[in-house]
Amino acid sequence: MQRCIELAEKGLGSVAPNPMVGAVLVHEGRIIGEGFHEKYGEAHAEVNCLQSVKTEDRHLIASSTLYVSLEPCSHYGKTPPCSLLILEKNIPKIVIGAKDPFEEVNGKGIEQLRNAGREVIVSVLEKECKWQNRRFNTFHLEHRPYIILKWAESQDGFIAPIGNTKYWLTNDFSKQLVHRWRTEEEAIMVGYNTVMADNPQLTARLWKGKNPIRVVVDQHCTLPKLQQIFNAEGKLLLFNALHEEQVENISYCKIDFTQSIIPQVLQVLHQKGIQSVIVEGGQKILNLFIEVNLWDEARVFRTQVQLQSGIEAPPLLQHVSHIENIDTDQLVTYYNLNHD
């Protein structure tokens, strides 16, 4: 099962809105096949696993055990049900890491296999398997995207100097890591002030992979169209108070600014099928997520820069979960353990 998890991780950033899944076929202690879900719309892990079995080992499939990190699907989607494939191959024993919370599956795959007389063992390394698919699980169980907050702060606790000027705190290694993260999440979000101060592209140009969907809050639709977020390098969702329309790659999403905007934004993102968002600032937007306790993970770069004064870093009343050094920067990760 640990190998299933390792394989599944290779699909990060490529399989959403599907979950990451790994599968391993074992005959008398020997792995004879393995695979993972590589790309959305393409073959699932179980299919790739069975196709990887060498010709001389194929007669062993019907007396082997299939390990899979997530319950096999039992419905017709982009591909046929994996549960039917398992039955067709006469695999007698299936070991599953975690149940699939998606309503089209959610126990139906397990039930189908058991009703056909197969031995099914569930909840092996369940915690680890669920954690791997925390974006998928949050989307289907909490009906919102998984939220990652990200910022860099100076040694004395500021995220930027005062004034609308672009200012880099982190080193080049940290900057490249952030671009890798952008390829792993479905959307990236910033506020009006960040766009005006930094004129960001919000793309993953420093790492090979897809650009995230750009999400920006612009209450009165006053952002200059020359800003880089309006270019054609990716989709843009613009949350505003004025109108709702689609103009080329820009979706104008109207929300009520007399109410808390974060729950409204997350509701729209859920409706659009977006499972994860990395929120990169600025201070106002980050604090709005923290105030309503709608965040799951925070990644904070602590740098060696001293600013003396400036815009204060958001406060997080959480225990540090993990610390690692990125050359001269320190990456501190927090997980929100205090959801309402």
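Computed from a predicted structure; not experimentally measured.

J.: Can you break down the pairing of strand β16 (residues 320-326) residue by residue, with the values?
T.: Walk down a regular strand and you will see the side chains alternate between the two sheet faces. Strand direction decides the pairing type here: β16 and strand β17 (residues 329-335), joined by six bridges, are antiparallel. Residue pairing across strands places His-322 opposite Thr-333, the latter belonging to β17. Joining the antiparallel neighbours β16 and β17 is a turn of two residues, in which Asp-327 adopts a positive phi near 55°.

J.: Break down the sheet that holds strand β2 (residues 30-36) for me, with residues and values.
T.: Note: strands within a sheet are paired through backbone hydrogen bonds, in either parallel or antiparallel orientation. On the basis of which strands lie adjacent, the open sheet formed by five strands has the order β2-β1-β3-β4-β5 and mixed pairing. A single partner strand is all that each edge strand has here, and the edge strands are β2 and β5 (119-122). Averaged over all adjacent pairs, the angle separating strand axes in this sheet is 15°, with direction ignored. One ladder, built from five bridges, connects strand β3 (residues 65-70) with strand β4 (residues 93-98); its direction is parallel. In the strand pairing of β4, Val-68 is matched with Ile-96. Across the sheet, helix α4 (residues 108-115) is in contact with β4 and β5; its angle to β5 comes to roughly 150°.

J.: Run through helix α7 (residues 172-184), naming residues and quoting values.
T.: Owing to its 3.6 residues per turn, the α-helix aligns residues three or four sequence positions apart on the same side. Under the 1.5 Å per step criterion, the end-to-end length of α7 is 19 Å for 13 residues, consistent within 8% with the ideal 18 Å. For α7, the set of buried residues is Ser-174, Leu-177, Val-178, His-179, Trp-181, Arg-182, Thr-183 and Glu-184. Measuring from the backbone nitrogen of Phe-173 back to the side-chain oxygen at the start of α7 gives 3.0 Å, which picks out Asn-171 as the cap.

J.: Please give an account of the packing of aromatic side chains that cites residues and values.
T.: Following the criterion strictly, the structure yields two aromatic pairs and no others. Ring centres of Trp-181 and Phe-301 lie 5.6 Å apart, and the angle between their planes is 25°; on these two criteria the pair is classed as stacked. One end of the pair, Trp-181, is in helix α7; the other, Phe-301, is in strand β14 (residues 297-302), with 120 residues separating them in the sequence. Like Trp-181, the residue Phe-301 is buried in the burial classification.

J.: I'd love a proper account of the sheet that holds strand β12 (residues 250-254), names of residues and values included.
T.: Here we have ten strands laid out as an open sheet, ordered β11-β12-β10-β9-β8-β13-β6-β14-β17-β16, and mixed in their pairing. Both edges of this open sheet fall to β11 (245-247) and β16, since each of them pairs with a single strand only. Here the strands of the sheet are splayed against their neighbours by 20° on average, with no regard to which way each runs. Packing of helix α6 (residues 134-142) onto the sheet brings it into contact with β6 (146-153), β13 (276-279) and β14, and relative to β6 it is tilted by some 125°.

J.: How would you summarise the side chain of Ser-74 if you had to cite specific residues and measurements?
T.: Checked against the element boundaries, Ser-74 lands in the loop between β3 and α3 (82-88). Not counting residues up to four positions away in its chain, the partners in contact with Ser-74 are Pro-81, Ser-83, Glu-104, Val-105, Lys-108, Gly-109 and Gln-112.

J.: Lay out the pattern of salt bridges in plain terms, naming residues and giving numbers.
T.: Side chains that differ in charge, positive against negative, can pair when their charged atoms come close. Summed over all chains, the structure comprises 13 salt bridges. Among the ionic pairs, Glu-126 bridges to Lys-130, the shortest N-O distance being 3.3 Å. Here Glu-126 and its partner Lys-130 are both found in helix α5 (residues 126-132), four residues apart, which amounts to about one turn of the helix. For Lys-150, the salt bridge is made with Glu-280, and the minimal N-O distance between the two is 3.8 Å. Here the residue Lys-150 occupies a position in strand β6, and Glu-280 occupies one in the loop between β13 and α10 (283-291), the gap between them amounting to 130 residues. For the pair Lys-150 and Glu-280, one class covers both residues: buried. Look at the salt bridges and you will find they share partners, linking Arg-3, Glu-6 and Glu-34 into a network.

Conventions adopted
Residues numbered from 1 in each chain as written. Predicted model: local features only at pLDDT ≥ 70, side-chain atom pairs only at ≥ 80, totals over all residues. Heavy atoms only, no water. Pairing = 2+ DSSP bridges. Helix = DSSP H or I, 4+ residues; strand = E, 2+ residues; numbered from the N terminus. Axes fitted to C-alpha atoms, helices over the stretch in contact; angles between N-to-C directions. Contact = heavy atoms within 4.5 Å. Expected span 1.5 Å × (residues − 1). Buried < 20%, exposed > 50% of the residue type's maximum accessible area, 1.4 Å probe, protein only. Polar contact = N/O pair within 3.5 Å; in protein donor to acceptor, adjacent residues only side chain to side chain. Phe/Tyr/Trp six-rings, centres within 6.5 Å; stacked < 30°, edge-to-face > 60°. Salt bridge = Lys/Arg side-chain N within 4 Å of Asp/Glu carboxyl O.

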